[in-house]
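# Structure at a glance
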Amino acid sequence: MSILAGHRARPNGWYGMVVLIAAEGALFGTFIGTYVYLSFHAPAWPPDGIAAPSATAPLVLSLVLVASTVPMALAVRAGRRDGVAAAIGWVALAFVVQAVYLGFQIHLYVDDLARFKPQTDAYGSIYFALLGLHHVHVAAGLLLDLWLFLRLPRGFTPYRRTALSAIALYWYFVAVAGLAVTATILSATW
Amino acid sequence: MVTLARTPRLVSGLQWYALLGPPLSWTVQLVLGYYTTQAACGAAASRLGVEVHTWNAVLTVAALAVAAGGWASAAALHAATGGGDVDDPLGRIRFLSTAGLAIGIIFVTLILFTGAGVLALPECRR
Amino acid sequence: MTAIQPPAPAAQERIERLDRIWAERPGFTGWLTTTDHKRIGLMYVAASLVFFALGGAEALIMRTQLAGPGRHVVGPSTYDQLLTMHGITMIFLFVIPLSIGGFGNYLVPLMIGSRDMAFPRMNALSFWLFLGSGILLYASLLLHEAPNAGWFNYVPLASRRFDPGPNIDFYTLALILNGVSSTAAAANFLVTIAKLRAPGMSLNRIPLFCFAILATSFSLVFALPALTADLVFLELDRKLGFHFFDAARGGDPLLWQDLFWIFGHPEVYIIVLPAFGIATSIIPTFTRRKMAAFPLVALAELLVAFIGFGVWVHHMFATGLPQTTLIFFAAASLIIVIPSGIQIFAWCMTLVDGTPEFKTPLLFIVGFIIFFVFGGLSGITLAAVPFDQQVTDTYYVVAHFHYVIWGAAVFPVLGGLYYWFPKVTGRMYHERLGQATFWLIFAGTNITFFPMHISGMLGMPRRVWTYPARMGWGPENLASTIGAFILASGLVLLAANLVVSRFRGAPASADPFGGGTLEWSTSSPPPAYNFAVIPVVTSAYPCWDADDRAADARRLAAGQLVLEHGHETTTTTPVDGHLDDVLAMPAESIWPVTLAAVCTVGLALVISSHYVTALVSVAVAAAVLAAWHAVEPRSAA
């Protein structure tokens, strides 16, 4: 019997990643919703004694993370024509940018901790929890990249092509989530 | 109606709008409306300056428009499948447009119910 | 009834090849490494029934304690642990794993004409994670340090200040593990139902049970994150001194309630939706009529799930929120009656319009409809804010939710145990005893839970370990206790019927009841590969289309869509079900059970404050995941 539609639908693994993104997106949604809720119940936000975050570094870093999705997309495209070396190269570039991004974010996080603590006030609690949630997702993404470096050198199979497109999708989500988190954190300056 | 048969994209657009438009517009009305009551009646009220009735009047009208549009799409598709104007060999479009009719009615009702309730009550009475 | 034709010789050879390809290793190791959705489903059934017995024992102890005023069968702190564990067990360890993990796993691939779920190894992982979460929770009970702040665990009672021991940490971490299990299961069902259907099964031909599982899975994906966030915030407050719920430092105890019920209300629809699906499977079979208003019933299941996300504050009507906040949720709580009502009317119409045969499964469905109407009515009264504010936190609410959770969610499950028993075991249960147990359970349920409406309206609060005689609540409580033991005896008889029939029941054919969905087209029990040939469908009741099934048999002989050269199944396009691809499926693996064990141990280490070792277990988990994905399903050349 002929395959009537012939690979028109996306692979199962890609759909699985869509569901994971829906769940994690909802998780970010609840953290952001909590941030807004707590701010609506506070006479001052940030509370007196805590300075509002400065806008430059978070914005620049968020845009850097968005930019790193371009090499990921190019890697997926290379995967479609079985370009193993090109795909690995693009993923490596993305990985370096993502890792440097995370390094800077951790530095800022530690800096912030010196100025105020999550144990000071609910503002600190949600501030560090929300940022921490995103950084954990970036770290998980780096581990996914490492898996690609382990498996792709052996060549492309349908399984690995699906994995590459699913992991790229994950990074698009993390980049968008990063923009949402930055917008939320910086709303304290409005 | 005959033109619908020639545009599968329009059929698809109407179909998904009918299914998803009304529920999503109610969701926006609920989430934003809930937050307006928190903003207006919480400790940050003076800082935020949110007026519950104004915001919710706008939200209700907007949500109603989207939901009513969804119902109209479902009605158009339902009529088209009934009259054979749309290619529907599996019966899938008829099935989904039937569902869309019910969705439209239910969510228009819910949006009206909700809006009437919020607008009838004093802003921050507990 | 469509009997399975004995296969032609050419077909026989193909079947033997399929038997060899899909065979799993025997014995205990085979159960540890299985990825067969039917075996995983059976493990879910077995484990959840064990937890059911434990939750039932907790209930019987509580009912004994409450049978009369001023009793001291157990003390208050034990009572608190019993009532909390009863709620957690029944919801997270019994009804949801049984409905979704048990019935869902076993039936969905069969009903959609597939050979397995989309992610077989992740399916196994879901089971082992669920088992791990149950073991963690019951370990806490053995240590007499079980969660004790109620199943919804409100702060400040659950905060470090008022509950400093590990009780609540068991609660948060076990439920996070349970949530990961359920999310993985939901993802599996969503992708399976989207992609692995039989060719020809467009959206309008998906069985109603699968629509119910679809709705349940969507709910799980979007509801569980709210619980996860809540649990994470609570642990951060408890372990690291954060202030999410601390009013003195800018936090809010109501935040716990909001996030909990954003999860908790969809959760109760997650509990009941699979039961609706079971009811809509049983009714057409025993009335020999297709479900009335099929598109509206399918829609209603999805709508109940969706609108269920917008009612959560109705659990908080008495917390002092502004009326303009409450009204959003009162409106939605009333409107959600409409899709529920659509289903009730459709079921009743099908029953009235068809020729019903009141065998045991259908009796349980009739009982379910009655309980759902009663429970729905008390629910409507609770949607009215002024009335709710009178009876909130009383036994009236306990009556309402037991009518809907026990009466409406579990009755179809019990009926389903009878209905699919012949398919799963290849034997018939004892029909007369089945009917007798129905009446016993039906009577027991009413005697247990109806008086609670009254004691609630007389003012009896929830979660009290005893009450003084002068309140006058004695008679209702005594009636409830007697009812509980009648109910329990009915359940014991049900278990006896099924266990004995498993070994001594009359042999069952492939299709003893004349069902319309695809699981009835294969043998009882089904072979490991479900179908010797992938069926092609042209309606929502494929087993009532004799011509299509004859065409299947011809394709089996001709070797089309038999896929006997690899461990394979077909995929189709999501909306219209056009055949799309042939997919290699993963086979048995040791990694799912290993990963679940590592996660469970890791959380136990966190509870016992061994944080560094817990971090090591995270690294081990990552290594296990890498090993898992190193094994790729191989297509035949």
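Residues numbered from 1 in each chain as written. Chains lettered and ligands numbered in written order. Predicted model: local features only at pLDDT ≥ 70, side-chain atom pairs only at ≥ 80, totals over all residues.

## Considerations on the overall build of chain B
Summing up its helical and strand segments, chain B has 5 helices and 0 strands in all. Each helix (α) and strand (β) of chain B, taken in turn from the N terminus, gives the series α-α-α-α-α. Counting only C-alpha atoms, chain B reaches 60 × 20 × 20 Å along its principal axes. Long-range pairs, those at least 24 residues apart, make up 79% of the contacts in chain B between residues at least 6 apart in sequence. (Helix = DSSP H or I, 4+ residues; strand = E, 2+ residues; numbered from the N terminus. Contact = placed C-beta atoms within 7 Å.)

## Focus on the overall build of chain C
For chain C, the count of helices and strands is 19 helices and 2 strands. For 637 residues, the compact-globule estimate of 2.2 N^0.38 gives 26 Å, and chain C sits close to it at 25 Å. With the principal axes as the frame, chain C shows a C-alpha extent of 80 × 60 × 50 Å. A total of 637 residues make up chain C; the buried ones form 60% of that total. (Rg over C-alpha atoms; globule rule 2.2 N^0.38 Å. Buried ≥ 20, exposed ≤ 12 C-beta atoms within 10 Å, placed from the backbone.)

## Observations regarding the interface of chain A and chain B
In this complex, chain A contributes 8 residues to the contact, which on the side of chain B involves 7 residues. Looking at the side of chain A that touches chain B residue by residue, the classes come out as 6 nonpolar, 2 polar and no charged. (Nonpolar A, V, L, I, M, F, W, Y, C, P; charged D, E, K, R; others polar.)

## Observations regarding the interface of chain C and chain A
Taken together, the contact pairs 39 residues of chain C with 35 residues of chain A. For the side of chain C that touches chain A, the elements supplying multiple residues, two or more each, are α6 (167-195), α7 (208-240), α8 (253-287), β2 (579-584) and α19 (611-630) of chain C. Sort the elements by how many residues they give to the side of chain C that touches chain A and α7 of chain C lands first, with 7 residues. Of the residues assigned to the side of chain C that touches chain A, the class counts are 22 nonpolar, 11 polar and 6 charged.

## Some details on the nonpolar core
Nonpolar side chains in soluble globular proteins tend to be buried together. Residue and element names in this part refer to chain C. One finds Ile 193, Cys 210, Ala 408 and Ala 409 to be the most contacted residues of the largest nonpolar core, which totals 300 residues. No other element matches α7, which puts 22 residues into this core. Not counting chain neighbours up to four residues away, the residues in contact with Ile 193 comprise Val 108, Ile 112, Ile 206, Cys 210, Ile 213 and Leu 214. (Core = buried A, V, L, I, M, F, W, Y, C linked by C-beta atoms within 7 Å.)

## Points about helix α11 (residues 337-353) of chain C
Residue and element names in this part refer to chain C. In this model, α11 (17 residues) spans 24 Å end to end at C-alpha, consistent with the 24 Å of a helix rising 1.5 Å per residue. Among the residues of α11, those classed as buried are Pro 339, Ser 340, Ile 342, Gln 343, Ala 346, Trp 347, Thr 350 and Leu 351. Projected down its long axis, α11 carries its buried residues within an arc of 160°, all on one side. What points out from α11, more than 90 degrees from its buried face, is the exposed set Val 352 and Asp 353. (Expected span 1.5 Å × (residues − 1). Arc of directions from axis to C-beta.)

## Regarding the environment of Leu 175 of chain C
All names here are of chain C. For Leu 175, the location among the structural elements is in helix α6. Sequence spacing of Leu 175 and Val 272 is 97 residues, and the spatial spacing of their C-alpha atoms is 20 Å. Leave out the neighbours within four places in its chain, and Leu 175 touches Phe 92, Leu 227 and Leu 231.

## Examining the pairing of strand β1 (residues 568-572) of chain C
Within a regular strand, the side chains alternate between the two sheet faces. Residue and element names in this part refer to chain C. Burial analysis of β1 places 5 of its 5 residues in the buried class, the great majority of the element. By the alternation rule, side chains of β1 split into Glu 568, Thr 570 and Thr 572 and Thr 569 and Thr 571, which are all buried. The pairing of β1 with β2 spans 5 bridges and is antiparallel. Note on β2: the bridge partner recorded for Glu 568 is Ala 584. (Pairing = 2+ DSSP bridges.)

## Side note on the environment of Ile 342 of chain C
On the secondary structure map, Ile 342 of chain C appears in helix α11. Not counting residues up to four positions away in its chain, the partners in contact with Ile 342 of chain C are Leu 296, Val 297 and Ala 300 of chain C.

## A closer look at the confidence of the model for chain C
Residues and elements named next belong to chain C. Looking at chain C, the pLDDT average stands at 95 and 98% of residues meet or exceed 70. Considering each helix and strand of chain C separately, the mean pLDDT is smallest for helix α1 (residues 9-22), with a value of 90, and largest for helix α3 (residues 37-66), with 98. Predicted as a complex, the structure gets a pTM of 0.95 and an ipTM equal to 0.96. (pLDDT = per-residue confidence, 0-100.)

## Comments concerning the packing of helix α4 (residues 84-115) of chain A against helix α5 (residues 122-151) of chain A
All names here are of chain A. Direction vectors running N to C along α4 and α5 enclose 155°, while the axes themselves pass 10 Å from each other. The angle between α4 and α5 falls in the class roughly antiparallel. Considering how the two elements wind past one another, α4 and α5 form a crossing that is left-handed. Here Ile 88, Val 91, Phe 95, Gln 98, Ala 99, Tyr 101, Leu 102, Gln 105, Ile 106 and Tyr 109 of α4 lie close against α5, whose contacting residues are Leu 131, His 135, Val 138, Ala 139, Gly 141, Leu 142, Asp 145, Leu 148 and Phe 149. Here the residues of the contact of α4 with α5 are counted per class, giving 14 nonpolar, 4 polar and 1 charged. (Axes fitted to C-alpha atoms, helices over the stretch in contact; angles between N-to-C directions. Parallel < 35°, antiparallel > 145°, perpendicular 65-115°, else oblique. Left-handed = near helix turned anticlockwise from the far one by under 90°.)

## Remarks on the packing of α3 of chain C against helix α16 (residues 474-504) of chain C
If you want to describe how two helices pack, look at the angle between their axes and the distance between the axes. Residues and elements named next belong to chain C. Contact geometry for α3 and α16: axes closest at 9 Å, N-to-C directions at 150°. The angle between the axes of α3 and α16 places the two elements in the roughly antiparallel class. The element α3 and its partner α16 pack so that their crossing is left-handed. Each of Gly 56, Ala 59, Leu 60, Arg 63, Thr 64 and Leu 66 in α3 lies in contact with α16, whose residues at this interface are Asn 477, Ser 480, Thr 481, Ala 484 and Ala 488. Split into classes, the residues belonging to the contact of α3 with α16 amount to 5 nonpolar, 5 polar and 1 charged.

## Quick look at helix α10 (residues 323-335) of chain C
Residues and elements named next belong to chain C. With 13 residues, α10 ought to run about 18 Å at 1.5 Å a step, and its terminal C-alpha atoms sit 18 Å apart, in line with that. A large share of α10 lies buried, amounting to 12 of its 13 residues. Listed in full, the buried residues belonging to α10 are Gln 323, Thr 324, Thr 325, Leu 326, Ile 327, Phe 328, Phe 329, Ala 330, Ala 331, Ala 332, Ser 333 and Ile 335.

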